[in-house]
Amino acid sequence: MVAGRGAYPDRVPSQPDLPGTASADPLHARLRRGRRDDLGPRRSSFVADLRSVLAERGFRRLYATRLISQTGDGIFTAGLGTYVFFNATKFPDPAAAAVAFAVLYLPYSLIGPFAGVFIDRWSRRQILVWSEFGRTGFVVLAAVFVASGALGFPLYAGALLVLGLNRFFLSALSAALPHVVPQDKLVMANSVAPTSGTIMSFAGGIAGTSLHVISGGGQGGSAITLLCGGLCYLAAGLVATRMRRDLLGPAGQAEGLSGRGLTGDLAAVAVGLAAGARHLAARRRAGAALFATGSHRFLYGILLLMSVLLYRNYFYRTGGGNNALGHYTILLITSAVGYGAAALVTPPVTHRITKTAWLAVLLAAGGIVTGGLGAGFRQPAFLVIGFALGLVSQGIAICTTTIIQEEVDDGFLGRVFSVNDMVYNAAFVLGAAVSAVFMPANGRSYPMLTLAAVGYLAAAGAYRLLSRQPSAGGSPVPPTPAASAQRSSS
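Keep in mind that what you see is a predicted model, and the values were worked out from it rather than measured.

Q: Sorry, what's going on with the overall build of the chain here?
A: Secondary structure assignment for the chain yields 17 helices and zero strands. Put simply, the chain has 490 residues, and 58% of those count as buried. Accessible area for the chain stands at about 18,000 Å²; split by element, carbon and sulfur atoms hold 68% of it.

In structure tokens form, the structure reads like this:
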């Protein structure tokens, strides 16, 4: 099972809606319009879109920087995960696994909303270069800790620094995009770039786990895997240096800044997040979709922790960490296939039934598959569960993103998406943390499996009830024609 970050993992939602900041930049406004217009039927394929935007020289270099770096993300995550979860000499306990999940995912929730304050003040090209060089150094530090057998605060601090800088890197990529493609290609660029990056991250993760197995496993194999991820970061930083320092903005450095100072702008982001949450609460259909996302991610955190413990401490306890990792890689692949299948299945399904109905079906399916197949605690069944939950996870993310874009006023989209991203990651970590208290070391827990299965079914019913409640905040701004066409199918 794979824990992805949803349909738009690198959106820059923190600043666009705060008065006096870069939100007033017409480039940011075009980005928001592009995402709303993209709800309509697409006439071109992914390959055609990619070919079109690759004609832009600046985009090619920005795109190469993204692909190389996100490949490194997958390799780094694999190196850290193999060391923490599939160590040849130690068996992971639930608490240690939950801490590792927190390290891997909380930076996106805690740092992401505030990244825009800095990327609107500093040269974005320089952010790309120095965040990658900085991550290279921190990866080397983490690799030293891994090679020495350290497991605890020093290692997790190094990992947090790597992942925290990644939040700035991804935010700068999104803010830089309008500077390297013309306005009429923004929708295409926003479609192909994040999708390609996610694919490369998956590929990097699979390559990283394979590298760990080939290199002999253990501490040395994990350290080598981490260093390979660091080499990707170094290469991405070098590619970024091929772009002019002023190419990616912000225009004039001071444009769009509020005059409040850095502390004032950071406080304004926090106030904006609270306003976005209040706005979301008044849009019941969008709020219900966020409830569906949070419920799924909480339960998914329980099941992902269970799967790691089962493979290392139950299915292959006597076979060694490397053997367990090799088989767990198959589970990762089936989950990734499920993620990809959601992108193929969700559009045609939501032309036949509403997105609200499809969300409820996905949640219910998660409960049925988990409860029906998981009770035997057999490896083949968990491969099917991994595929099913991959499809459920990405299908929910696609529907939630679209419903938010349809229901929320354009002036609040950035803040609401910030809230969505925080819920997406925080609920996952919370699920793993809560279950760690009750989960046995080998992961074979009927109560936790039952909780997850019943939880999905209960979430499906609760979501249907919530989504039928009338909104208290009025109607959103008039949508674009493309959004209107999409709304009619929901």
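Q: How do you make sense of the side chain of S307 when you look at a structure like this?
A: Structurally, S307 can be placed in helix α11 (residues 284-315). You can call S307 buried: its relative accessible area is 0%. Side-chain polar atoms of S307 contact the side chain of Y328, separated by 3.0 Å.

Q: What is the right way to look at the packing of aromatic side chains in this model?
A: Following the criterion strictly, the structure yields 14 aromatic pairs and no others. Residues F86 and Y328 carry aromatic rings whose centres are separated by 5.3 Å and whose planes lie at 45° to one another, so their mutual orientation is tilted. Pair noted here: F86 is in the loop between α3 (57-85) and α4 (94-110) and Y328 is in helix α12 (residues 321-352), with a separation of 242 residues, a long-range link. There is no split in this pair, since F86 and Y328 are both buried. Ring centres of Y311 and Y328 lie 5.2 Å apart, and the angle between their planes is 80°; this geometry places the pair in the edge-to-face category. Of this pair, Y311 sits in helix α11 while Y328 is found in helix α12, placing the two residues 17 residues apart along the sequence. Y328 carries the same exposure label as Y311, and that label is buried. An aromatic cluster of three or more residues is present, and its members are F86, Y311, Y314, F315, Y316, Y328, F377, F382 and Y446. In this arrangement the basic side chain of R135 is found over the ring face of F169, its NZ or CZ atom lying 5.7 Å from the centre.

Q: What should I look at first to understand the packing of α11 against helix α16 (residues 446-467) in this one?
A: Helix-helix packing is described using two parameters, namely the angle between the two axes and the distance between the axes. Closest axis-to-axis distance for the α11/α16 pair is 9 Å, and the angle between their directions is 175°. The pairing of α11 with α16 is recorded here as roughly antiparallel in orientation. Where α11 abuts α16, its residues R284, A288, A289, F291, A292, S295, H296, L299, Y300, I302, L303 and M306 lie against M448, L449, L451, A452, G455, Y456, A459, A462, Y463, L466 and S467.

Q: Would you mind going over the nonpolar core with me for this structure?
A: Side chains that are nonpolar tend, in soluble globular proteins, to be buried together. Counting residues in each nonpolar core, the largest one holds 78 residues, and the members touching the most others are F76, F101 and M306. Looking at which element gives the most residues to this core, the answer is α11, with 15 residues. Non-local contacts of F76, meaning those with residues more than four positions away in its chain, are made with V139, A159, V162, L163, L226, G229 and Y233.

Q: What is the right way to look at a nonpolar patch on the surface in this model?
A: On the surface, a cluster of nonpolar side chains totalling about 400 Å² of accessible area is made up of L430, V434, V437 and F438. Its place among the elements puts V437 in helix α15 (residues 413-438). Look at V437 and you get exposed, because its relative accessible area is 64%.

Q: Hey, could you run me through the environment of G390 in this one?
A: Note on placement: G390 falls in helix α14 (residues 379-407). Classification of G390 as buried rests on a relative accessible area of 0%. In this structure, G390 is in contact with S335, G338 and Y339, ignoring residues within four places of it in sequence.

Q: I would appreciate a short explanation of the environment of L451 in the present structure.
A: Here L451 is to be found in helix α16. By relative accessible area, which is 41% here, L451 ends up partly exposed. Separated by 149 residues in the primary sequence, L451 and I302 have C-alpha atoms spaced 9.1 Å apart. Sequence-distant contacts of L451, that is, excluding residues within four places in its chain, are made with L299 and I302.

Q: In this structure, what is going on with the pattern of salt bridges? I would like to understand it.
A: If the charged atoms of two oppositely charged side chains come close together, the side chains can form a pair. All told, the structure shown has seven salt bridges when counted by the stated rule. With a shortest N-O distance of 2.7 Å, R285 and E407 are connected by a salt bridge. Remark: E407 occurs in helix α14 and R285 occurs in helix α11; sequence separation between them is 122 residues. The residues R285 and E407 share a single accessibility class, namely buried. A salt bridge links K355 to E406, with the nearest nitrogen and oxygen atoms 3.3 Å apart. You can see K355 sitting in helix α13 (residues 355-374) and its partner E406 sitting in helix α14, a full 51 residues away along the chain.

Q: How do you make sense of the state of the cysteines when you look at a structure like this?
A: Working definition: the covalent bond between the sulfur atoms of two cysteines is a disulfide. Under the criterion given, the structure shown has zero disulfides. C228 takes part in no disulfide bond, and the closest cysteine sulfur to it belongs to C232, at a distance of 7.5 Å. With a relative accessible area of 27%, C228 lands in the partly exposed category.

Q: I keep staring at unusual backbone geometry and nothing clicks. Help me out?
A: The phi angle of most residues is negative, glycine excepted, and most peptide bonds adopt the trans form. Geometrically, the link from G249 to P250 is a cis peptide bond, its omega value of 0° lying close to zero. Relative to the helices and strands, P250 is located in the loop between α9 (218-240) and α10 (261-282). One non-glycine residue, F377, lies in the positive phi region at around 50°. In this structure, F377 sits in the loop between α13 and α14.

What counts as what
Residues numbered from 1 in each chain as written. Predicted model: local features only at pLDDT ≥ 70, side-chain atom pairs only at ≥ 80, totals over all residues. Heavy atoms only, no water. Helix = DSSP H or I, 4+ residues; strand = E, 2+ residues; numbered from the N terminus. Buried < 20%, exposed > 50% of the residue type's maximum accessible area, 1.4 Å probe, protein only. Areas by Shrake-Rupley, 256 points an atom, 1.4 Å probe, with all protein chains shown as cover. Polar contact = N/O pair within 3.5 Å; in protein donor to acceptor, adjacent residues only side chain to side chain. Phe/Tyr/Trp six-rings, centres within 6.5 Å; stacked < 30°, edge-to-face > 60°. Lys NZ or Arg CZ within 6 Å of the ring centre and 35° of its normal. Axes fitted to C-alpha atoms, helices over the stretch in contact; angles between N-to-C directions. Parallel < 35°, antiparallel > 145°, perpendicular 65-115°, else oblique. Contact = heavy atoms within 4.5 Å. Core = buried A, V, L, I, M, F, W, Y, C linked by side-chain atoms within 4.5 Å. Patch = residues over 30% accessible without salt bridge, like charges linked within 9 Å, V, L, I, M, F, W, Y side chains within 5 Å. Salt bridge = Lys/Arg side-chain N within 4 Å of Asp/Glu carboxyl O. Disulfide = S-S within 2.5 Å.

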